[in-house]
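Inside the fold
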Amino acid sequence: MKNTYIKLIAYIVSIQVGFVSCSDDFTNLDPLGSTSYENFWKTEQDALEAVNSLYYYMKDDDMFGRGFFWYINASDDMVTGRLNATADNVRNFNITGDEGYTSWMYPQSYKIIRRANDVILNVPKMNISQSTKNRLLGEAYFMRGFHYFWLAHTYGDNDKNGGIPIVTEDNMNNEAGSYKRPQSVIENYEFIVKDLKRAADLLPLFTEMGEGDYGRAHKDAALAYIAKTYLYWAQYDSSKYANVVTYCDAVTNSGSGRALIDTDNPKKDFRLLHSHLNNWTSEYIWSANSGVEGGSILPGVMLENKGWGQYNGWGYYTPTESLYNEFEPNDARREVTILKFGDEFEFFGETKRYQSENSLSGFQFNKYMYEYTFENPVGAYINSNGNSPTTLYNTPILRYAEILLMKSEALIQQGGNGDADLNSVRERAGLAPVTNATLEDIKHERRVEFAGEFANRHYDLVRWGDAAEVYSKPLYGRIHTDRSNPDSDYTVEQVWQARNFDPSYMHVWPIPNEAIISSGIKQNIGW
């Protein structure tokens, strides 16, 4: 978003609050600079800067660069890709809550929630136009709901742990240790839906926004996350599947022209879908806005370690053979999603054949590599700083294809027919339609459509009750005799041992211990 990350004044810098702060810091609203809290909320520019700060962590490495992806990396779709003890412990569900890789998402989400609370509390009282107030409040409600969504299903349940603390504009100034966990995560889902409905009522459609506001919250994003919240809620209350259908339809019928990128050329469509050329088109509902100077580092994190000597790829999150084999042989998405030895691809203006002396599985995600195809892409399509390997491509968090598959799943779970929406996704991939689709068809389609994305394969397995069985099986890769030769022979070998996933407590992740200590809330049981 072109004008979101503008300079933030001292107030924004000072309000870095959350449950990792001590009690005094949590309630201290005195700024570090010369601008007082009371004097801040005066002008439209003040309000705009406050709302701009809500997007700060969307491009943070520890949020939607890696961050939440360390949890998705626990799935059967991928292995860590490089030897890394901390990452391996997360994958093996052998963590304590002290790990640096997973310690940031919780407090940083609460920082954004606090900033949103400030906007919701102060903007209504400001002497600015009602239309501006509506838009800014809509963005605040959306960003608060969006961050609670990620916190709720990651750390909360409807069992012994309960939900995660709900901090609002009404109670945000309470003493830090006074916040409690709700009895159930359902209370969080209720709150999230309420926030997102407010956002949907206040926000414009994406198609009504100027290019300078691309990347800001909009109506379809709010409606889409209402649908996904109800999908996650439905694991505890099946009546919520009807709401999933309602809000998926609301996205489709919003007037913004949501549709799959589908020109009847499956391979080209899926390839160009995952490129900066489609950052703002009909399929992308919510993304990590990125560019050569900042954004999600996920494309570089997944790139071959050291990028064949041409760029500083990090070599993490490499596909498993089971993911590769999950694709039907004629599925156009397979080669766009995954590179195997011998596959041709463009890199820095040259045609290469894939080989890797680094990949632990013999595969690499190809989905995020379009911006590397150009001759001399550094500085034009990819970041010149390989330690911050962002590209022009906005990493997807929720696409319209997920709206279709959520609706199909919800219809099937209610005993209805989900063929039409499921087959729309399959048709784009060049596949024959399915008749009388089952939940197993949905599981397959979600896995191959969203492989390597924030759609969250791990949590899908958890909410379906499949994680224990799936993770009890080892994961395999193709180990080539000569890893420098794309034509070398390979054997299928175990690259990750079977894991003991205990659904009685591993269905949620441990809250960072620093947050537990400073807030006084209880840790998730078992961790």
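Let me sum up the structure you'll find in this document. (Residues numbered from 1 in each chain as written. Predicted model: local features only at pLDDT ≥ 70, side-chain atom pairs only at ≥ 80, totals over all residues. Heavy atoms only, no water.)

1. Re a nonpolar patch on the surface
Residues Tyr476, Tyr490 and Val492 make up a contiguous nonpolar surface patch of about 270 Å² in total accessible area. Checked against the element boundaries, Tyr476 lands in strand E9 (residues 475-480). Relative accessible area serves as the criterion here: at 35%, Tyr476 is assigned to the partly exposed category. (Patch = residues over 30% accessible without salt bridge, like charges linked within 9 Å, V, L, I, M, F, W, Y side chains within 5 Å. Areas by Shrake-Rupley, 256 points an atom, 1.4 Å probe, with all protein chains shown as cover. Salt bridge = Lys/Arg side-chain N within 4 Å of Asp/Glu carboxyl O. Helix = DSSP H or I, 4+ residues; strand = E, 2+ residues; numbered from the N terminus. Buried < 20%, exposed > 50% of the residue type's maximum accessible area, 1.4 Å probe, protein only.)

2. Let's talk about the side chain of Glu304
Note that Glu304 resides in the loop between helix H14 (298-302) and strand E3 (318-319). Buried and unpaired, Glu304 has no salt bridge, with Arg483 as the nearest side chain of opposite charge at 8.3 Å. A polar side-chain atom of Glu304 sits 2.7 Å from a polar atom in the side chain of Asn358. Once you skip the residues sitting within four places of it in the chain, Glu304 turns out to touch Gly313, Trp314, Gly315, Tyr354, Ser356, Glu357, Asn358, Ser359 and Gln364. (Lys, Arg positive; Asp, Glu negative; His and termini not counted. Polar contact = N/O pair within 3.5 Å; in protein donor to acceptor, adjacent residues only side chain to side chain. Contact = heavy atoms within 4.5 Å.)

3. So, the nonpolar core
Phe64, Phe142, Tyr225, Trp286 and Ile397 are the most contacted members of the largest nonpolar core, which totals 141 residues. Counting residues per element, this core draws most heavily on helix H9 (residues 130-155), which supplies 13 residues. Look past the residues within four positions of Tyr225 in its chain and what remains in contact with it is Phe142, Phe146, Phe149, Trp150, Leu196, Trp286, Ile397 and Leu398. (Core = buried A, V, L, I, M, F, W, Y, C linked by side-chain atoms within 4.5 Å.)

4. Thoughts on the pattern of salt bridges
A side chain with one charge can pair with a side chain of the opposite charge if their charged atoms come near. Taken as a whole and judged by the stated rule, the model has 37 salt bridges. Of the charged contacts in the structure, one is a salt bridge between Asp118 and Arg114, with a shortest N-O distance of 3.4 Å. Of this pair, Asp118 and Arg114 are both found in helix H8 (residues 105-122), 4 residues apart, which corresponds to roughly one turn of the helix. Each member of the pair, Asp118 together with Arg114, is buried. Ionic pairing is found between Glu409 and Arg463, a salt bridge with its closest N-O pair at 2.7 Å. Of this pair, Glu409 sits in helix H17 (residues 400-413) while Arg463 sits in helix H20 (residues 457-464); the two residues are 54 residues apart in sequence, bridging distant segments of the chain.

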